[in-house]
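The primary structure of each chain is shown beneath.
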Amino acid sequence: MADLDWAQCPIVESIPGKVSGAWVLRGTRTPVKVLFENLQAGLSIDEVIEQFPVNREQIESLMAFVARSLDKPPRYG
């Protein structure tokens, strides 16, 4: 995920001084990294929605962006 160009994802933003410039869901202070960490830890999407001020549409848009990035051929070297 580190190779993703988050600037191309319309659902996220990075603003200097807002959550230390981390990529957050647009209009929120919820870091993208924290959402993925919680999903990786085993939380379901419904549990993430309960824990953070996000909605299903935001999570689905985020996942769709990541999925589209997998369509690109890998870069080596």
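Further up the page is the structure itself.
Residues numbered from 1 in each chain as written. Predicted model: local features only at pLDDT ≥ 70, side-chain atom pairs only at ≥ 80, totals over all residues. Heavy atoms only, no water.

*Asks:* Please set out the overall build of the protein chain residue by residue, giving values where relevant.
*Replies:* In terms of regular secondary structure, the protein chain is built from three helices and two strands. When the elements of the protein chain are put in sequence order from the N terminus, they spell out β-β-α-α-α. Taken over the C-alpha atoms alone, the protein chain extends approximately 40 × 30 × 20 Å along its principal axes. Considering the protein chain as a whole, with its 77 residues, one finds that 31% of them fall into the buried category. In the protein chain, the share of contacts with a sequence separation of at least 24, taken over all contacts with a separation of at least 6, comes to 37%. Accessible surface computed for the protein chain: about 5400 Å², of which carbon and sulfur atoms make up 52%. (Helix = DSSP H or I, 4+ residues; strand = E, 2+ residues; numbered from the N terminus. Buried < 20%, exposed > 50% of the residue type's maximum accessible area, 1.4 Å probe, protein only. Contact = heavy atoms within 4.5 Å. Areas by Shrake-Rupley, 256 points an atom, 1.4 Å probe, with all protein chains shown as cover.)

*Asks:* Please set out the pattern of salt bridges residue by residue, giving values where relevant.
*Replies:* If you walk through the whole model with that rule in mind, you get four salt bridges. Among the ionic pairs, Lys33 bridges to Glu37, the shortest N-O distance being 3.9 Å. On the criterion of helical spacing, the pair formed by Lys33 and Glu37 is a turn pair, its members being four residues apart in helix α1 (residues 32-40). For Glu37, a relative accessible area of 39% puts it in the partly exposed group. Among the salt bridges present, the one from Arg56 reaches Asp46, with a minimum N-O distance of 2.1 Å. Of this pair, Arg56 sits in helix α3 (residues 56-69) while Asp46 sits in helix α2 (residues 45-51), placing them 10 residues apart in sequence. Of the residues examined, Arg56 reaches a relative accessible area of 35% and is grouped as partly exposed. Judged by relative accessible area, Asp46 falls into the partly exposed class, the value being 44%. Put simply, Glu13, Lys18 and Arg26 are held in one network by salt bridges that share partners. (Salt bridge = Lys/Arg side-chain N within 4 Å of Asp/Glu carboxyl O.)

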